[in-house]
Amino acid sequence: SAVISQKPSRDICQRGTSLTIQCQVDSQVTMMFWYRQQPGQSLTLIATANQGSEATYESGFVIDKFPISRPNLTFSTLTVSNMSPEDSSIYLCSGESYNEQFFGPGTRLTVL
Amino acid sequence: KQEVTQIPAALSVPEGENLVLNCSFTDSAIYNLQWFRQDPGKGLTSLLLIQSSQREQTSGRLNASLDKSSGRSTLYIAASQPGDSATYLCAVSPGGVYNFNKFYFGSGTKLNVKP
């Protein structure tokens, strides 16, 4: 199994600013993903973080709004850009190893 | 696009009862299915992973079944305990070379086990 940590665990931000969330895995994983969980809803996949290349985004999500980096096999960042109150959500990082997914504890973001 | 549905949305049972959570998906061409548990303020904990070629998986008091042809999975919890109270999420990984390691989630079943 893989243990995943995220920083920050929570943040309160002002409209129009940007926040970068870090995700660290304790072992190498094949794939890394970023999900969003809006209040009262289930998880929605934002993008697949690809090592050394541009992330692959799901429908409805774009790189300008959610730039993602993955410089190596155990670390990734997600930036939420030009935030609005609609971006208030929990953002979760996950890693895939041997076809099983493991999740970080999430980052709870509130945008005022 | 794969749609995943979970029924019921919420469930409240007395301690000791056996219970079944349901998950259905629209596209039977899946790679695998995974059940997770989510506790308030915490991330997701993987409970059981069923490969598309398997019919069921068991771990302790948990048993998950998979019927790919009908697009259904069930999570059976035996002798429920208050510590089982959490939201249970079902997620499917679609088939295809480039999609097999993505997951699409259901909306979850919020379980409350009363002492």
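Residues numbered from 1 in each chain as written. Chains lettered and ligands numbered in written order. Predicted model: local features only at pLDDT ≥ 70, side-chain atom pairs only at ≥ 80, totals over all residues. Heavy atoms only, no water.

## A closer look at the overall build of chain A
- Assigned secondary structure in chain A consists of zero helices and 11 strands.
- When the helices and strands of chain A are placed in sequence order, the string is β-β-β-β-β-β-β-β-β-β-β.
- Reported as C-alpha extents along the three principal axes, the dimensions of chain A are approximately 40 × 25 × 20 Å.
- Burial statistics for chain A: of 112 residues in total, 52% are counted as buried.
- For chain A, the share of sequence-separated contacts (at least 6 apart) that also reach a separation of at least 24 residues comes to 53%.
- Surface accessibility of chain A: about 5200 Å² in total, with carbon and sulfur atoms responsible for 48%.
- Computing the positive centroid from 7 side-chain charges and the negative centroid from 9, chain A places the two 9 Å apart. (Helix = DSSP H or I, 4+ residues; strand = E, 2+ residues; numbered from the N terminus. Buried < 20%, exposed > 50% of the residue type's maximum accessible area, 1.4 Å probe, protein only. Contact = heavy atoms within 4.5 Å. Areas by Shrake-Rupley, 256 points an atom, 1.4 Å probe, with all protein chains shown as cover. Lys, Arg positive; Asp, Glu negative; His and termini not counted. Charge placed at Lys NZ, Arg CZ, Asp CG, Glu CD.)

## Notes on the state of the cysteines
- All chains considered together, the criterion is met by two disulfides over all chains.
- One disulfide bridge connects C23 of chain A with C93 of chain A, the sulfur atoms lying 1.9 Å from each other. On the sign convention where negative means left-handed, the S-S torsion of about -65° between C23 of chain A and C93 of chain A marks this disulfide as left-handed. Of this pair, C23 of chain A sits in strand β3 (residues 19-25) while C93 of chain A sits in strand β9 (residues 89-97), and the two are 70 residues apart along the sequence. Each member of the pair, C23 of chain A together with C93 of chain A, is buried.
- For C23 of chain B, the disulfide goes to C90 of chain B, at an S-S distance of 2.0 Å. One disulfide, between C23 of chain B and C90 of chain B, carries an S-S torsion of -60° and so falls in the left-handed class. Taken together, the residues C23 of chain B in strand β3 (residues 19-25) and C90 of chain B in strand β9 (residues 86-94) connect sequence positions 67 residues apart.
- With a relative accessible area of 3%, C23 of chain B lands in the buried category.
- Using a relative accessible area of 0% as the deciding quantity, one classes C90 of chain B as buried. (Disulfide = S-S within 2.5 Å.)

## Digging into the side chain of S97 of chain A
Residues and elements named next belong to chain A.
- For S97, the position within the fold is in strand β9.
- What makes S97 buried here is its relative accessible area of 17%.
- If near-sequence neighbours (up to four positions away) are discounted, S97 is found in contact with V29 and F102.

## So, the sheet that holds strand β7 (residues 62-67) of chain B
Residues and elements named next belong to chain B.
- Here five strands make up an open sheet; going across it, the order is β1-β3-β8-β7-β6 and the pairing antiparallel. Both outer strands of the open sheet, β1 (4-7) and β6 (56-59), are each paired with one neighbouring strand and no more. On average, each strand axis in the sheet is tilted by 15° relative to the strand beside it, whichever way the strands run. (Pairing = 2+ DSSP bridges. Axes fitted to C-alpha atoms, helices over the stretch in contact; angles between N-to-C directions.)

## As for the confidence of the model for chain B
- Residues of chain B with pLDDT of at least 70 account for 94%, and the chain-wide mean is 91.
- For chain B, the element scoring lowest by mean pLDDT is strand β10 (residues 104-105) of chain B, at 90; strand β8 (residues 72-77) of chain B scores highest, at 97. (pLDDT = per-residue confidence, 0-100.)

## Considering the sheet that holds strand β1 (residues 4-7) of chain A
All names here are of chain A.
- What the four strands build is an open sheet, ordered β1-β3-β8-β7; its pairing is antiparallel. The sheet terminates laterally at β1 and β7 (68-72), the two strands that pair on one side only. Adjacent strand axes in the sheet meet at a mean angle of 20° when their direction is disregarded.
- For β1 and β3, the ladder comprises four bridges, and the chain directions are antiparallel. Across the sheet, the residue bridging to S5 is Q24, located in β3.

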